[in-house]
Amino acid sequence: MYIVALTGGIGSGKSEAARQFARLNVPVVDTDVIAHELTAAGSPMLPELAQMFGAGILNADGSLNRAALRTHVLDNPAERARLEQLLHPAIYDRAMQHLRDNDRKLQPQYQVLVIPLLFENNRYRSVIDTILVIDCDEDMQVSRAMARSQLTEQEVRAIMAAQTSRTIRLIGADEIIENNGSIMELIEKVNKFHNKLIKTCLVSK
Ligand code: ADP
């Protein structure tokens, strides 16, 4: 298995890049999607979360109030650590399962594992072959993240401040795709990275 970790700050363009890998028939496993699945309505994790953080993090219909949980942990690093201790091992286990299934069924040359919090989390280090960082200017991150969500500028900046700094992310990268231009340009850069990597994978096989 050859695994490319795809990471970057909020609004940097990870999801757009991941979509292009998928169009190239590269299997994509997204830890954010898994986190959503694990906290979807009916998930056994919801009662545990409510017990840990109070019923206020649930909506009236019993589903997760993501905004309430986010606000709760953003203001409180200790609570955030408790949330991560509960969620991260479960996300990791499911991600590994998906990667193994893809490998068995599809035998791809490589797979993409989207991990927004890669640098906050050592768990994935041993399974990753290459770290690909999607990067753009911070003001652009803010405006793109705001355009996509209900978040205010202040909220996006608070999330950015709680994430690994851009500098640390860039230092940790094996490859960087700069996404200050158009989506077309991003797509072309992903294609180029893909073509280069396919050659590397072929050589190392
Ligand atoms: P992330 O997954 O890193 O949070 P997304 O890929 O969802 O970021 O991008 C954030 C928003 O910005 C999305 O609405 C996306 O379509 C848009 N976006 C991403 N890259 C570009 C780009 N190069 N040009 C214009 N919009 C972009």
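Look above for the structure.
Summarised in this report is the structure supplied together with it.

What counts and how
- Residues numbered from 1 in each chain as written.
- Predicted model: local features only at pLDDT ≥ 70, side-chain atom pairs only at ≥ 80, totals over all residues.
- Heavy atoms only, no water.
- Helix = DSSP H or I, 4+ residues; strand = E, 2+ residues; numbered from the N terminus.
- Rg over C-alpha atoms; globule rule 2.2 N^0.38 Å.
- Contact = heavy atoms within 4.5 Å.
- Areas by Shrake-Rupley, 256 points an atom, 1.4 Å probe, with all protein chains shown as cover.
- Phe/Tyr/Trp six-rings, centres within 6.5 Å; stacked < 30°, edge-to-face > 60°.
- Buried < 20%, exposed > 50% of the residue type's maximum accessible area, 1.4 Å probe, protein only.
- Near = heavy atom within 4 Å.
- Polar contact = N/O pair within 3.5 Å; in protein donor to acceptor, adjacent residues only side chain to side chain.

Remarks on the overall build of the chain
A count of helices and strands for the chain gives nine helices and five strands. The linear arrangement of helices and strands in the chain, starting from the amino end, is β-α-β-α-α-α-α-β-β-α-α-α-β-α. Taken over C-alpha atoms, the radius of gyration comes to 18 Å for the chain, in line with the 17 Å a tight globule of 205 residues would show. Projected onto the principal axes, the alpha-carbon positions of the chain cover approximately 55 × 40 × 25 Å. For the chain, long-range pairs separated by at least 24 residues make up 74% of all intrachain contacts whose partners lie at least 6 apart in sequence. Carbon and sulfur atoms provide 52% of the accessible area of the chain, an area that totals close to 10900 Å².

Some words on the packing of aromatic side chains
For the coordinates displayed, the defined rule picks out three aromatic pairs. With 6.3 Å between their ring centres and 90 degrees between their planes, Phe21 and Tyr110 make a pair best called edge-to-face. With a gap of 89 residues between them, Phe21 in helix 1 (residues 14–23) and Tyr110 in the loop between helix 5 (77–106) and strand 3 (111–114) connect regions that are remote in the sequence. Comparing Phe21 with Tyr110 shows no difference in burial state: the two are buried.

Focus on the site of the ligand
As a structural note, the neighbourhood of the ligand is formed by 14 residues, with Lys14, Ser15, Glu16, Arg148 and Asn179 the closest of them. Within the contact set of the ligand, an oxygen atom lies 2.6 Å away from a side-chain nitrogen or oxygen of Glu16. Within the side chain of Asn179, an N or O atom sits 2.7 Å from a nitrogen atom of the ligand. Starting from 560 Å² of accessible surface for the ligand in isolation, the protein chains cover 81%. Sorting the residues of the shell around the ligand by element identifies helix 1 and helix 6 (138–148) as the ones contributing at least two each. A per-element tally of the shell around the ligand places helix 1 first, with three residues.

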